[in-house]
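Residue-level listing of the chains:
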Amino acid sequence: MRSPRPTRRRGPRRFAALLLSVAATLFPTASPAGAAAPPPVPGTLQGYDIGSVFSAGVSSGGYMATQLHVAYSGTFEGSAAFASGPYDCARGQLATALNACMDTTQNLQLATLEQTTRDRSAQGQVDPVANLAGDPVYVFSGSGDTTVKRPVADALADYYGRFGARVRYDRSTAAGHAWITPLGPNSCTVTQTPFLNNCGIDAEGALLGHLFGSVAAPGSGTGGSLIRFDQNAYAPGGSATALSMGSEGFAYVPASCAQGARCKLLVALHGCKQGYAYQGFGTRFVENAYLNEYADTNDMIVLYPQAAPTSTLENPNGCWNWWGYLGDASYARHGGKQIEAIMGMVRALRGTGTPPPTGDRTVLSSTDSEDGYLKAAADGSGAAVGTLEDAYGLALGRGTDGRVNRSVVSFDTSRIPAGKEVNRAWLTVTRSSGSGDPWASPAGNRLQVDLRTGCFGGCAVEPADWSAAATVAGAARVEAFTSGSAVSTDLSAEALAALNRGGVTQFRLGFASAPTGTAYLFVNQATPVTLTVEYR
């Protein structure tokens, strides 16, 4: 896992129905002419030499682009948003999304959004807000956009300004609600499918020039490969559909990046009803966003994740999750399911994440009733069960009370299909908060994973689990990470053989050496630890 970049100087069903009604006025059908583009080829996300990462999006994709930038400002160095508003504007409420973050009949409470961001930063739920200072941000709003009204976009520009970002705000056209592109089949002022409008300007050149500092003239957009990959490989829980994401995503990789050049990465997020899986929309956004053309001449990979519609009123238009649908309370911060799926794709392209599966896989979530953490003196004496799991998560490292914490997580590994040979497995843990760096206290400290076939004692956590014998000690380790999710090293061959195919397998996470001072982290508060098992 790559650590964040250093701090730099510088709702209810009736509301769902209402959202459907609002969106229905925006999306009459039409069939635009596609731009020249290479046909998609099946593949996987490989690692490239990527230096800088940026996000961009339109409408719900604009909101998601901002969520990615704020939640992972240690990774994303800037963002661009067409026709959207400030970070977590909806605050988990569809009514607020409709009335404050699209329309202006409700105050969007910008000062509250700013304070929420600062609070989340202090709690480790988003990366440090100091990272946003000096970051380039491009905001676009057309005067003809009656879907996300001008004051909402004004608030996005204002929001970023409060954190010291360098905002370029383009509000010079009468554009409707759309991504603005020279390849757009629609005239500038309309709001209709495919929401790709030609306003006689090169908005992509403007936004990329602002994000990158300078930009070379575009090419043909046909000099690279358009890779179609499996998004299930990156979805928490292994199912993209369960997150309202498509099974297929796309990445445009220019020849220079494929040949080893140091490249930039732009995560480009479509809007509602623009996803590949939405009623045959296909790759129109991918082909007509006018980003592949710049990718060819600016050493830039473009990642096109895909949202997808639900069959229920939760998200029938295939929007990105910017108001908390499907019960995802973490949608705008670390642990947000769509955010973590996209971050998995970003890490794969940077060569810092878990590769896609080599065979079939099962993803198991830990059993909450059997998870817990233990506190003891550094020598293991006086062990007791920790009591803050519900409030903060599972503790690891040395707390402010001077006690050392270890955590136990439990999995029903009988769910691994019978008759299959397990050839690989790993844990994924998500950090909720913490203080200090237990990996550096003492220097070179290791977060070790021990495995027990069955349970360390009784399957419910008990004090003796702190020092109970493991079936395989040091089955894996988790490298240092300061936010978001981390993937352990693969379980050792001995550990794979020790997985209990007939019942429970428990893992104990703890630092090999007791931290010399207060240095700890909490995991598993909102997102359970998962065990991914691959087999053939």
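In case you missed it, the structure is sitting above this.
Remember, it's a predicted structure, so these values are computed and weren't measured experimentally.

> Account for the overall build of the protein chain, naming residues and giving values.
Each helix and strand in the protein chain was counted, giving twelve helices and 24 strands. Whereas a compact globule of 536 residues would reach a radius of gyration of roughly 24 Å, the protein chain reaches 24 Å, a difference of no more than 12%. Viewed in the frame of its principal axes, the protein chain has a C-alpha envelope of about 70 × 50 × 45 Å. The burial tally for the protein chain puts 58% of its 536 residues in the buried class. For the protein chain, the exposed area adds up to about 18,900 Å²; of that, 49% sits on carbon and sulfur atoms. In the protein chain, the 40 positive side-chain charges and the 41 negative ones have mean positions that sit 3 Å from each other.

> Talk me through the side chain of Ser73; I want residue IDs and the actual numbers.
With respect to the helices and strands, Ser73 occurs in the loop between helix 2 (60-71) and strand 3 (76-82). Side-chain polar atoms of Ser73 contact the backbone oxygen of Pro128, separated by 3.3 Å.

> Got a sec to walk through helix 6 (residues 203-212)? Specific residues and values, please.
Burial analysis of helix 6 places ten of its ten residues in the buried class, the great majority of the element. Within the span of helix 6, buried status applies to Ala203, Glu204, Gly205, Ala206, Leu207, Leu208, Gly209, His210, Leu211 and Phe212. Note on helix 6: the residue one or two positions beyond its end, Gly213, has a positive phi of about 100°.

> Explain the state of the cysteines residue by residue, including any values.
Summed over all chains, the structure comprises five disulfides. Cys188 shares a disulfide with Cys199; S-S distance 2.0 Å. What sets the handedness of the Cys188 and Cys199 disulfide is the S-S torsion sign, and at about 85° it is right-handed. Of this pair, Cys188 sits in the loop between strand 7 (186-187) and strand 8 (196-198) while Cys199 sits in the loop between strand 8 and helix 6, and the two are eleven residues apart along the sequence. The exposure classification of Cys188 matches that of Cys199, with both residues buried. What pairs with Cys455 in a disulfide is Cys459, and their sulfur atoms sit 1.8 Å apart. Across the S-S bond linking Cys455 and Cys459, the dihedral sits near 70°, which makes this disulfide right-handed. For Cys459, a relative accessible area of 27% corresponds to the partly exposed category. Each disulfide of the protein chain joins two cysteines, and with those cysteines numbered along the sequence the arrangement is 1-2, 3-4, 5-6, 7-8, 9-10.

> Residue-level account of the sheet that holds strand 7, with values.
Strands pair in a sheet through their backbones, by hydrogen bonds, and they do so in one of two ways: parallel or antiparallel. Taken in spatial order, the three strands line up as 6-8-7 in an open sheet, and their pairing is parallel. One side of each edge strand has no neighbouring strand; the edge strands of this open sheet are strand 6 (179-180) and strand 7. Direction of pairing for strand 7 relative to strand 8: parallel, over a ladder of two bridges. Its bridge partner being in strand 8, Ser187 is matched across the sheet by Asn198.

> Requested: an account of the packing of aromatic side chains, with residues and values cited.
Applying the stated criterion to the full structure yields 20 aromatic pairs. Here the aromatic rings of Trp439 and Phe511 are separated by 5.2 Å at their centres, their planes lie at 80°, and the arrangement is edge-to-face. Of the two residues, Trp439 sits in the loop between strand 18 (422-435) and strand 19 (447-453) while Phe511 sits in strand 22 (residues 504-511), which places them 72 residues apart along the sequence. For the residue pair Trp439 and Phe511, the accessibility class agrees, reading buried in each case. In textbook terms, an aromatic cluster arises when at least three aromatic residues are bridged by ring pairs, as seen for Phe82, Tyr138, Phe140, Trp179, Phe285 and Tyr304.

> Run through the packing of helix 2 against helix 10 (residues 337-350), naming residues and quoting values.
Relative orientation of the contacting elements helix 2 and helix 10 amounts to 75°, with a least axis distance of 11 Å. Classed by the angle they form, the pair helix 2 and helix 10 counts as roughly perpendicular. Of the residues in helix 10, those touching helix 2 at Met64, Gln67, Leu68 and Ala71 are Gln338, Ile339 and Ile342. Residue composition of the contact of helix 2 with helix 10, by class: five nonpolar, two polar and no charged.

> Give a detailed account of the side chain of Thr310, specifying residues and quantitative values.
Mapping Thr310 onto the fold places it in the loop between strand 12 (300-304) and helix 10. Thr310 sits in the buried class, given a relative accessible area of 17%. Here Thr312 takes part through its backbone oxygen, which lies 3.0 Å from a polar atom of the side chain of Thr310. Contact partners of Thr310, with chain neighbours within four places excluded, come to Ser244, Asn315, Pro316 and Leu326.

> A description of the environment of Gln338 should follow, citing residues and the corresponding values.
With respect to the helices, strands and loops of the structure, Gln338 is situated in helix 10. Owing to a relative accessible area of 3%, Gln338 belongs among the buried residues under this scheme. Gln338 sits 103 residues away from Ala235 along the chain, and the two C-alpha atoms are 7.3 Å apart. Beyond its immediate stretch of four places on either side in the chain, Gln338 contacts Met64, Leu243, Ser244, Met245, Trp320, Asn321, Tyr325 and Asp328. Of the polar contacts made by the side chain of Gln338, one reaches the side chain of Tyr325; its length is 2.8 Å.

> Please provide a residue-by-residue account of the sheet that holds strand 5 (residues 166-170), values included.
The mixed open sheet is built from nine strands, whose spatial order is 1-9-10-12-11-2-3-4-5. One side of each edge strand has no neighbouring strand; the edge strands of this open sheet are strand 1 (41-42) and strand 5. Where strand 4 (residues 136-140) meets strand 5, five bridges bridge the pair, whose relative direction is parallel. Within strand 5, the position partnered with Pro136 by the bridge is Arg166. Strands strand 2 (50-58), strand 3, strand 4 and strand 11 (263-269) of the sheet are contacted by helix 2, whose axis makes an angle of about 165° with strand 3.

> Give a detailed account of the pattern of salt bridges, specifying residues and quantitative values.
Under the definition given, this model contains 15 salt bridges. Of the charged contacts, one joins Arg262 and Asp49 as a salt bridge, the two residues approaching to 2.4 Å between their closest N and O atoms. Pair noted here: Arg262 is in the loop between helix 7 (255-258) and strand 11 and Asp49 is in the loop between strand 1 and strand 2, with a separation of 213 residues, a long-range link. Residue Arg262 is classed as exposed on the basis of its relative accessible area, which comes to 55%. Between Asp154 and Arg171 there is a salt bridge whose closest N-O contact spans 3.7 Å. Of this pair, Asp154 sits in helix 5 (residues 150-162) while Arg171 sits in the loop between strand 5 and strand 6; the two residues are 17 residues apart in sequence, bridging distant segments of the chain. Beyond isolated ion pairs, a larger network of salt bridges with shared partners links Glu114, Arg118, Asp158 and Arg162.

Quick notes on the rules
- Residues numbered from 1 in each chain as written.
- Predicted model: local features only at pLDDT ≥ 70, side-chain atom pairs only at ≥ 80, totals over all residues.
- Heavy atoms only, no water.
- Helix = DSSP H or I, 4+ residues; strand = E, 2+ residues; numbered from the N terminus.
- Rg over C-alpha atoms; globule rule 2.2 N^0.38 Å.
- Buried < 20%, exposed > 50% of the residue type's maximum accessible area, 1.4 Å probe, protein only.
- Areas by Shrake-Rupley, 256 points an atom, 1.4 Å probe, with all protein chains shown as cover.
- Lys, Arg positive; Asp, Glu negative; His and termini not counted.
- Charge placed at Lys NZ, Arg CZ, Asp CG, Glu CD.
- Polar contact = N/O pair within 3.5 Å; in protein donor to acceptor, adjacent residues only side chain to side chain.
- Disulfide = S-S within 2.5 Å.
- Pairing = 2+ DSSP bridges.
- Phe/Tyr/Trp six-rings, centres within 6.5 Å; stacked < 30°, edge-to-face > 60°.
- Axes fitted to C-alpha atoms, helices over the stretch in contact; angles between N-to-C directions.
- Parallel < 35°, antiparallel > 145°, perpendicular 65-115°, else oblique.
- Contact = heavy atoms within 4.5 Å.
- Nonpolar A, V, L, I, M, F, W, Y, C, P; charged D, E, K, R; others polar.
- Salt bridge = Lys/Arg side-chain N within 4 Å of Asp/Glu carboxyl O.

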